[in-house]
Amino acid sequence: MDIAVLWSHVNIRTVLLGLVIFTVLSWFFRRPKKLPPGPWGWPLLGNIPQLARISEPVHEALSKMGDRYGPVFSFKVVNQLVVVLQDYDVIKQAMDQYQLNGRPSFEISQITLPGHGILTASGAPWVELRRFSSSALRKLGMGKSSLGKQISTEAQFLVEEIRKQGGKSFNPKDMLQNAVANVICYLVFGSRFEYTDVRFKELLVALNYSHELGGAGGVVEFVPIFAKLTFLPIVKKHIASNRAFEKIMGNLLKEHEKGYQPEISRDYTDAFYSEMKAKESNGQPTFMNPVSLYYSVSGLFGAGTETTTSTLGWILLYMIGYPEIQTKVQREIDSVVGRDRLPQLSDKPKLVFTQAVLSEIHRVSIVPLGVPHKCTEDTTVSGFHIPEGTIVITNLWHILNDPREWTNPKEFRPERFLDSDGNFVRREKLIPFGIGRRFCLGENLAKMELFIVFTVLMHQFTFKAPEGASVSFKAREALTLAPIPYEVVAIPRNSEHINNP
Ligand code: HEM
């Protein structure tokens, strides 16, 4: 056919149709073939339209997506590729790969204070900060009885606060948070704060605000393009929250530095200064500097406060919802510990049912999607290509609610952690603290806190729902699954003769 004749058949509609087909095909063929499967996304927006329509909790929606696409699947937020892993063996294999142990940068934090700490660093800075932090926290007694004593002291302050309620109903959240945050203050600043201390209260208000934001729109911190859209209200809120937190934490660190003496290491912060200064004076290259100290300390508060407070919140809620389990725990504690002293860490091996209850709490009250990882070098998972820069999410909720592993996962049943002889059984797939090279740095600390606070509270009080109130196990969705605010009544048990251990 002559070109002129062919041209005479072309009209504007044909041209537009051709352009649309060309755009769709070129976009389609740009997608590398071995990427994990996933829903089709829109050019420019990726899967934002589908994600915005999700009405159920995100981890449950992702869990269903995984049932459709398999345990390794992907989607896009704008131009950011996100891969979700939701099979125990796949996660175990993936999280051992150094390429998958980066963290997405908290982009909006970088606007106000460029730098990284233990929670947010990737690559060599993370390796150095993780090595230092693990060793410093171990030296400060994490997992040992010396720190157990400090936690017991904090638990007794908590008991006093609860006693002051005089049997009236109250929301336990703030009291639990005070105790948990104070344990971190002790590790980081070498001392606890009075619950009425203005600086302590400011710190908790700022922490709570940043957690609320994390739930409402935390994803904007990780997607680089949002850091350029500073006119958006959600981005403005993140910036304001980061600035407020930096001011409070900056002041606390400055005040603490005044008492620094190289020969006495009081806490994590002193240990950090000492190691940083030693490396500087030896001319050793290091990523330890005042900003990485700020971010590391903030990371300990950020990662350790809300998680442990929510878990304690769930414990009390399940105890009022399942009074027969509460009574069984109290009987076990009374028979092992007696009524003349408070429970302590060394009682743990004998308190098997109590341990089973704590394990079941870990199964239901978790960080549902872990903390996002970032792929720092091209790699593969289960034969799929994971390009550098991909955000990798582990759906821990799916693992801990998989009916193939946990019969009737919606039931609260501590007995799943006991064998037929009543011995406590550790279960490999209980991974509320993540798994692999970057598992939770505070796992041992959290376990100590939860055990001591739980047993001391069960020893001292019986918790009940207020008269006529119903108990709901619905969670408030954020980075952690926290109970919806509730009230509780604490009835003191017969404890006149109880002394400190
Ligand atoms: C019940 C309580 C807790 C739970 C369920 C929990 C869970 C987690 C999870 C799932 C991660 C992410 C792991 C990953 O990236 O794959 C994490 C990381 C982390 N957690 Fe915890 N956590 C708890 C308590 C604590 C406490 C008490 C502290 C500290 C003092 C702490 C400090 C950290 C830190 C610093 C990280 C980041 C580690 C890194 O990036 O290398 N956590 N935690």
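Within an unreviewed UniProt entry, the label attached to the protein reads Cytochrome P450, and the organism entered is Patiria miniata. The UniProt entry for the protein carries the following text under Subcellular location (unreviewed entry): "Membrane". The heading Cofactor (unreviewed entry) in the UniProt record of the protein holds the text "heme".

A few words on the sheet that holds strand S3 (residues 373-374). Strand order in the open sheet formed by 4 strands is S1-S2-S6-S3, with mixed pairing between adjacent strands. The two strands at the open ends of the sheet, each matched to only one other strand, are strand S1 (72-77) and S3. For strand S2 (residues 80-85) and strand S6 (residues 391-394), the ladder comprises 4 bridges, and the chain directions are parallel. Residue pairing in the sheet places Val83 in a bridge with Val392 of S6. Relative to the sheet, helix H4 (residues 58-69) contacts S1 and S2, its axis offset from that of S1 by approximately 125°. Together, S1, S2, S3 and S6 form the strand contacts of helix H5 (residues 88-95), whose direction differs from that of S2 by roughly 125°.

In the structure shown here, the tally under the stated rule is 16 aromatic pairs. Plain terms: the ring middles of Tyr318 and Phe412 are 4.2 Å apart, the flat faces sit at 25° to each other, and that makes the pair stacked. Within this pair, whereas Tyr318 is found in helix H14 (residues 290-321), its partner Phe412 is found in the loop between helix H17 (396-400) and helix H18 (443-460), the two being separated by 94 residues in sequence. Of the two residues, Tyr318 and Phe412, both sit in the buried class. Pairwise contacts between aromatic rings join Trp314, Tyr318, Tyr322, Phe412 and Phe473 into one cluster. Taking NZ or CZ as reference, Arg130 lies 5.0 Å from the ring centre of Phe439, over its face. Directly above the ring of Phe353 sits Lys328, whose terminal nitrogen or CZ lies 4.3 Å from the centroid.

Criteria and thresholds
- Residues numbered from 1 in each chain as written.
- Predicted model: local features only at pLDDT ≥ 70, side-chain atom pairs only at ≥ 80, totals over all residues.
- Heavy atoms only, no water.
- UniProt positions renumbered as here; feature names shortened; annotations may be inferred.
- Pairing = 2+ DSSP bridges.
- Helix = DSSP H or I, 4+ residues; strand = E, 2+ residues; numbered from the N terminus.
- Contact = heavy atoms within 4.5 Å.
- Axes fitted to C-alpha atoms, helices over the stretch in contact; angles between N-to-C directions.
- Phe/Tyr/Trp six-rings, centres within 6.5 Å; stacked < 30°, edge-to-face > 60°.
- Buried < 20%, exposed > 50% of the residue type's maximum accessible area, 1.4 Å probe, protein only.
- Lys NZ or Arg CZ within 6 Å of the ring centre and 35° of its normal.

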